[in-house]
Amino acid sequence: MNAVMQDGFGRQIDYLRMSVTDRCDFRCVYCMAKNMTFLPRQQVLTLEELQRLATLFVGLGVRKIRLTGGEPLIRPGIVELCRNIAALPGLRELVMTSNGSQLGRLARPLAEAGVKRMNISLDSLDGQKFRAITRIGDLDQVLGGIEAARDAGFERVKLNCVVMKGRNFDEVLALVQYAIDQRIDISFIEEMPLGDVGRSRGESFCSSDEVRALIASQHRLLDSTENSGGPARYVRLERHPDTRIGFISPNSHNFCGSCNRVRMTVEGKLLLCLGQEDALDLRGLLRRYPLDDQPLINAVQKALRGKPLRHDFSPEGEVQIVRFMNMSGG
């Protein structure tokens, strides 16, 4: 197999974000509509198909795989899938993004299975606000999951917060303090215009520059060249060396020039760009060629040559992609 995947712009692709389910036990306002219709089971990749694709991509040069959803921890068999993927020769790290609801019981088994790092979504420390943003979620359950993850032995635990004016911008400093107290990292994310969630996103859009300025009003920030292999730009806190602050800015600080990743939806669509509709249907190829990977390899390499240079997200935040975030893979 070819050990390097490159797109038509010479960018090396070594990071695969793989969705294991479109389902979730939350209904976050920036990710889903209130009433969602999920995929029929026959359209979802089996655990064996997910394992086959992970093996194929690692053989092609992928060194980091992130398992996402929906909520990956509600997929039956997830711990065993993690164990199998983590054992693939050549994979540098298996990581995961979760809403934290199931980590109280699964954090330690996941760490023991080989998951190196865990990202956990946390958009509010106020129980009522948290319920309003997630529509369903229980804050205490998630906070318990974060503590379980911190104690489970992962190399790093990081919080992810989607910042929205009128929702949780006023909690940014409290969330930073919580990360400091827990001695973990936190990233603040600009909302992405994916899916019609029943409201105008432009009204609530909050730029990373605004978030950074607010944090800098209380903490001395030190720019860092650290890179976790994803799109976050990091700063350090002068007085709190155990916590890094990340900023993920798809609207205001486009990071496409250094893009090193592709996404796999749970129905087997290889998304070449989060902000474009271009996709390769690998599920059909998987099922047409159950014993031969070469047609899949050829299709992936051909598709990569057409990977877009960049997305075109706008700070106005109006819907630009019909696909919901839970369908895109976290």
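On a predicted model such as this, the values are computed, not experimentally measured, just so you know.

## Observations concerning the side chain of aspartate 22
Okay, step 1: Inspection of the secondary structure puts aspartate 22 in the loop between strand E1 (15-19) and helix H1 (47-59).
Okay, step 2: With no salt bridge to any partner, buried aspartate 22 finds its closest opposite charge in arginine 23, at an N-O distance of 4.3 Å.
Okay, step 3: Within the structure, aspartate 22 has its side chain in polar contact with the backbone nitrogen of leucine 39 (distance 2.9 Å).

## What to know about the packing of aromatic side chains
The description of an aromatic ring pair uses the distance of the two centres, along with the angle that the planes make with each other.
Okay, step 1: Scanning all chains against the criterion turns up one aromatic pair.
Okay, step 2: Measuring from centroid to centroid gives 6.0 Å for phenylalanine 26 and phenylalanine 130, while their planes differ by 90 degrees, and the two rings are edge-to-face. Remark: phenylalanine 130 occurs in helix H4 (residues 127-134) and phenylalanine 26 occurs in the loop between E1 and H1; sequence separation between them is 104 residues.
Okay, step 3: On the accessibility criterion, phenylalanine 130 (2% relative accessible area) is buried.
Okay, step 4: Across the ring face of tyrosine 15, the terminal group of lysine 64 is positioned such that the distance to the ring centre comes to 4.2 Å.
Okay, step 5: The cationic tip of arginine 244 hangs over the ring face of tyrosine 234; the distance from NZ or CZ to the ring centre is 4.2 Å.

## A short note on the nonpolar core
Okay, step 1: Core analysis: the biggest nonpolar cluster contains 96 residues, and Phe57, Ile65, Leu110 and Phe188 have the highest contact counts within it.
Okay, step 2: Discounting chain neighbours no more than four positions away, the residues touching phenylalanine 57 are Met5, Leu16, Val62, Met264, Leu270, Leu282 and Val300.

## Thoughts on the sheet that holds strand E4 (residues 115-121)
Okay, step 1: With respect to topology, twelve strands assemble into an open sheet ordered E7-E8-E9-E6-E5-E4-E3-E2-E1-E10-E11-E12, the strand pairing being mixed. Of all the strands in the sheet, the pair left with one neighbour each is strand E7 (221-223) and strand E12 (279-281). In this sheet, adjacent strand axes meet at a mean angle of 25 degrees when their direction is disregarded.
Okay, step 2: Direction of pairing for strand E10 (residues 261-264) relative to strand E11 (residues 269-271): antiparallel, over a ladder of two bridges.

## Quick notes on the UniProt feature "binding site: S-adenosyl-L-methionine" (unreviewed entry) in the protein chain
Okay, step 1: Mapped onto the present numbering, the UniProt feature "binding site: S-adenosyl-L-methionine" (unreviewed entry) falls on Tyr30, Gly70, Ser121 and Met192.
Okay, step 2: Mapped onto the secondary structure, serine 121 falls in strand E4.
Okay, step 3: Given the relative accessible area of 22%, serine 121 is considered partly exposed.
Okay, step 4: Setting aside anything within four residues of it in sequence, one finds serine 121 in contact with Ser98, Asn99, Val142 and Asn160.

Here is what the cut-offs are and how they apply
Residues numbered from 1 in each chain as written. Predicted model: local features only at pLDDT ≥ 70, side-chain atom pairs only at ≥ 80, totals over all residues. Heavy atoms only, no water. Helix = DSSP H or I, 4+ residues; strand = E, 2+ residues; numbered from the N terminus. Buried < 20%, exposed > 50% of the residue type's maximum accessible area, 1.4 Å probe, protein only. Lys, Arg positive; Asp, Glu negative; His and termini not counted. Salt bridge = Lys/Arg side-chain N within 4 Å of Asp/Glu carboxyl O. Polar contact = N/O pair within 3.5 Å; in protein donor to acceptor, adjacent residues only side chain to side chain. Phe/Tyr/Trp six-rings, centres within 6.5 Å; stacked < 30°, edge-to-face > 60°. Lys NZ or Arg CZ within 6 Å of the ring centre and 35° of its normal. Core = buried A, V, L, I, M, F, W, Y, C linked by side-chain atoms within 4.5 Å. Contact = heavy atoms within 4.5 Å. Pairing = 2+ DSSP bridges. Axes fitted to C-alpha atoms, helices over the stretch in contact; angles between N-to-C directions. UniProt positions renumbered as here; feature names shortened; annotations may be inferred.

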